[in-house]
Amino acid sequence: MLFLVRHSLLFMFLCAIFGFLLPSLSLTLFPFLSIVLFGLMTLTLLGMKQNELIKRLASFAVWRYTLLHSIAFMAFVGVLGRILSFDGDLLLAVVAVAGTGSLFATPAIVRALGFDSVQAMAMTIATTLCLPIAICIALLFYQTEELDLNWANYSLRLIIFIFGPMFFSFLVHRFVPEESLSRFLVKISPYTILLVFAFPFGLVGSFRQLYDQDPIMALQYFLIATGLCFLFFALAFVVYRKKGKTVALTAAITSGNRNVLLTYTIAGGLLRPAFLPMVGALQIPTSLLPVLTRWLNKVLTK
């Protein structure tokens, strides 16, 4: 188990490959990913110092990053998609990806890289809170059919998958003795990142289905997903480069990681058929980002 934790960044990538090679197992795991997501979000929030996290969330810098992560990148990708003549479904898919908040595994990944996980958590929460607005913008501007959003269902999913873990974490920190909670978190926090393995393995199956039906289209989706992933990474790195290597790499990995499962869980079929295969195609380049970031960190340090 410790071996998996020590080499977790590499195993994330291998899980994406295995999910592609074993599509039936990947698709079997897929319906349970929302439960894993809830658990990961809850455990990650429990492991954060609440006062420090709230202080970071109150800073202008975090919300300025959020505007870049969501709104600015949505506009940029929307224009780029029209220039490249993407069809309506594909354009909606890439814009929805651009509006998606950062992966809740990002703080665990950032911690594994030796960077500031609290800052990454603040950025992740801020972009997640912006997600409902971003989805509505994407649907209003890029939905090719009449928008029929079930607001009750939409609100319920927001409460369950975003505000639920936050509120639960607040209650635990409020009523559980700090010493007992710290002892529990010390034991489980190194293994939190193992939950991340489920996502590349369980999400890539939809991409494998597309590959079996139309390999050429699957290759196009893979190239677009890879381009999006590294575009977000590179743009955030360039924007924050003057603030130092650690800040720039933290912003880059936070921007490159996208919580597309949460977006799919909340918006579902409203994002049209192209979104789920795009989600699957994103898993391979996304799982490569932590490895790339570690290598880039070594290069810049030298």
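Predicted, not measured: the structure shown is a model, and the values here were computed from it.

**Describing the overall build of the protein**
Item 1. Regarding its fold elements, the protein presents 17 helices and 0 strands.
Item 2. Here the protein has a C-alpha radius of gyration of 18 Å; the compact-globule value for 302 residues is 19 Å, and the two agree.
Item 3. Evaluated residue by residue, the protein yields a buried proportion of 53% over its 302 residues.
Item 4. Across the protein, the fraction of contacts at a sequence separation of at least 24, relative to all contacts at a separation of at least 6, is 84%.
Item 5. Surface accessibility of the protein: about 13900 Å² in total, with carbon and sulfur atoms responsible for 70%.
Item 6. Charged side chains of the protein number 21 positive and 11 negative; the gap between the two group centres comes to 17 Å.

**Here's the deal with the side chain of serine 117**
Item 1. Structurally, serine 117 is set in helix H9 (residues 117-142).
Item 2. Given the relative accessible area of 14%, serine 117 is considered buried.
Item 3. Every residue in contact with serine 117, bar those within four places of it in the chain, is listed here: Met48, Pro107, Val110 and Arg111.

**A look at the environment of isoleucine 135**
Item 1. Positionally, isoleucine 135 belongs in helix H9.
Item 2. Linking isoleucine 135 and threonine 263, residues 128 residues apart in sequence, is a C-alpha distance of 7.8 Å.

**Focus: the packing of helix H16 (residues 260-267) against helix H17 (residues 275-301)**
Item 1. With their axes 10 Å apart at the nearest point, H16 and H17 run at an angle of 165° to one another. Looking at the two axes, H16 sits roughly antiparallel to H17. The handedness of the crossing between H16 and H17 is left-handed. Mapping the contact onto sequence places Val260, Thr263 and Tyr264 in H16 and Phe275, Leu276, Val279, Leu282 and Gln283 in H17.
Item 2. By residue class, the composition of the contact of H16 with H17 is 6 nonpolar, 2 polar and no charged.

**Re the packing of helix H4 (residues 33-46) against H16**
Item 1. Running from N to C, H4 and H16 point in directions that differ by 120°, and their axes come no closer than 11 Å. Here H4 lies oblique to H16, going by the angle between them. Crossing geometry of H4 relative to H16 is assigned as left-handed. For the pair H4 and H16, contact is made by Leu33, Ser34 and Leu37 and by Leu261, Leu262 and Thr265, respectively.
Item 2. Looking at the contact of H4 with H16 residue by residue, the classes come out as 4 nonpolar, 2 polar and no charged.

**Remarks on H17**
What sets the pattern is the α-helix's 3.6 residues per turn: residues three or four places apart point alike.
Item 1. Along its 27 residues, H17 runs 38 Å from first to last C-alpha, staying within 8% of the 39 Å computed at 1.5 Å per residue.
Item 2. For H17, the principal kink sits at glutamine 283 and spans about 35°; a proline, proline 285, occurs within the next four residues.

**A word on the environment of methionine 74**
Item 1. Structurally, methionine 74 is set in helix H6 (residues 60-83).
Item 2. Given a relative accessible area of 4%, methionine 74 falls into the buried group.
Item 3. Residues contacting methionine 74, with those up to four places away along its chain left out, are Val95, Ala98, Gly99, Ala134, Ile137, Ala138 and Tyr142.

**Here we look at helix H5 (residues 50-57)**
Item 1. Within H5, the full set of buried residues consists of Gln50, Leu53, Arg56 and Leu57. Relative to the axis of H5, the buried residues are bounded by an arc of 125° and lie together on one face. Exposed residues pointing more than 90 degrees away from the buried face of H5 are listed as Asn51 and Lys55.

**Concerning the packing of aromatic side chains**
Two measures describe an aromatic ring pair: the distance that separates the ring centres and the angle between the ring planes.
Item 1. According to the stated counting rule, one finds 7 aromatic pairs in the structure shown.
Item 2. Seen in terms of ring centroids, phenylalanine 20 and phenylalanine 207 are 5.9 Å apart; in terms of plane orientation they differ by 40°. Their pairing is tilted. With a gap of 187 residues between them, phenylalanine 20 in helix H2 (residues 8-21) and phenylalanine 207 in helix H13 (residues 205-213) connect regions that are remote in the sequence.
Item 3. Classification of phenylalanine 20 as buried rests on a relative accessible area of 18%.
Item 4. An aromatic cluster is defined as three or more aromatic residues linked by ring pairs; in this entry it consists of Phe20, Phe207, Tyr211 and Phe222.
Item 5. Lying across the ring of phenylalanine 175, arginine 174 places its NZ or CZ 5.3 Å from the centre.

**Structural notes on the pattern of salt bridges**
Item 1. With the rule as written, the count across this model stands at 5 salt bridges.
Item 2. Ionic pairing is found between glutamate 52 and lysine 55, a salt bridge with its closest N-O pair at 4.0 Å. With glutamate 52 and lysine 55 both in helix H5 and 3 residues apart, the pair spans about one turn of that helix.
Item 3. Under the relative-accessibility criterion, glutamate 52 is labelled partly exposed at 26%.
Item 4. A relative accessible area of 57% means that lysine 55 is categorised as exposed.

What counts as what
Chains are numbered independently. Their residues run from 1 in the order of the written sequence. Since the coordinates come from a predicted model, pLDDT governs what is reported: local features require at least 70, and pairs of side-chain atoms require 80 or more to be given and counted, while whole-chain, interface and lining totals use all residues. Derived side-chain values reflect all non-hydrogen atoms in the structure, with water molecules and hydrogen atoms excluded from consideration. Starting at the N terminus, helices and strands are each numbered in turn, a helix being any DSSP run of H or I of at least four residues and a strand any DSSP run of E of at least two. Values of the radius of gyration come from C-alpha atoms, whereas the globule rule sets the reference at 2.2 Å times the count of residues to the power 0.38. Note on classification: 1.4 Å probe, protein chains only; a residue is buried when its accessible area is under 20% of the maximum for its type, exposed when over 50%, partly exposed between these limits. Two residues form a contact once any of their heavy atoms are found within 4.5 Å. The Shrake-Rupley method, run with a 1.4 Å probe, gives the accessible areas here. Residue values count only the displayed protein chains as cover. Asp and Glu count as negative and Lys and Arg as positive, but His and the ends of the chain are not part of the count. One atom stands in for each charge, and that atom is NZ of Lys, CZ of Arg, CG of Asp or CD of Glu. Angles run from 0 to 180 degrees between N-to-C directions of axes, and those axes are lines fitted to C-alpha atoms, restricted for helices to the stretch in contact. Any angle that falls under 35 degrees is termed roughly parallel, while one over 145 is termed roughly antiparallel, one within 65 to 115 roughly perpendicular, and all others oblique. Helix crossings get a hand from a simple test, with the near helix turned counterclockwise from the far one by less than a right angle marking a left-handed crossing and a clockwise turn marking a right-handed one. When residue character is reported, Ala, Val, Leu, Ile, Met, Phe, Trp, Tyr, Cys and Pro are called nonpolar, Asp, Glu, Lys and Arg charged, and the others, Gly included, polar. The span you would expect from a helix comes to 1.5 Å times its residue count less one. Across the chain, bend at a residue is computed as the angle between axes fitted to the seven residues ending at that point and the seven starting from it. Starting at the helix axis, one direction is taken to each C-beta atom, and the arc is that of these directions. Two aromatic rings from Phe, Tyr or Trp, using only the six-membered ring of Trp, form a pair when their centres are within 6.5 Å; if the ring planes differ by under 30 degrees the pair is stacked, by over 60 it is edge-to-face, and anything between is tilted. Over a ring means this: the NZ of a Lys or the CZ of an Arg is within 6 Å of the ring centre and within 35 degrees of the ring normal. We define a salt bridge as a contact between a side-chain nitrogen of Lys or Arg and a carboxyl oxygen of Asp or Glu at a distance within 4 Å.

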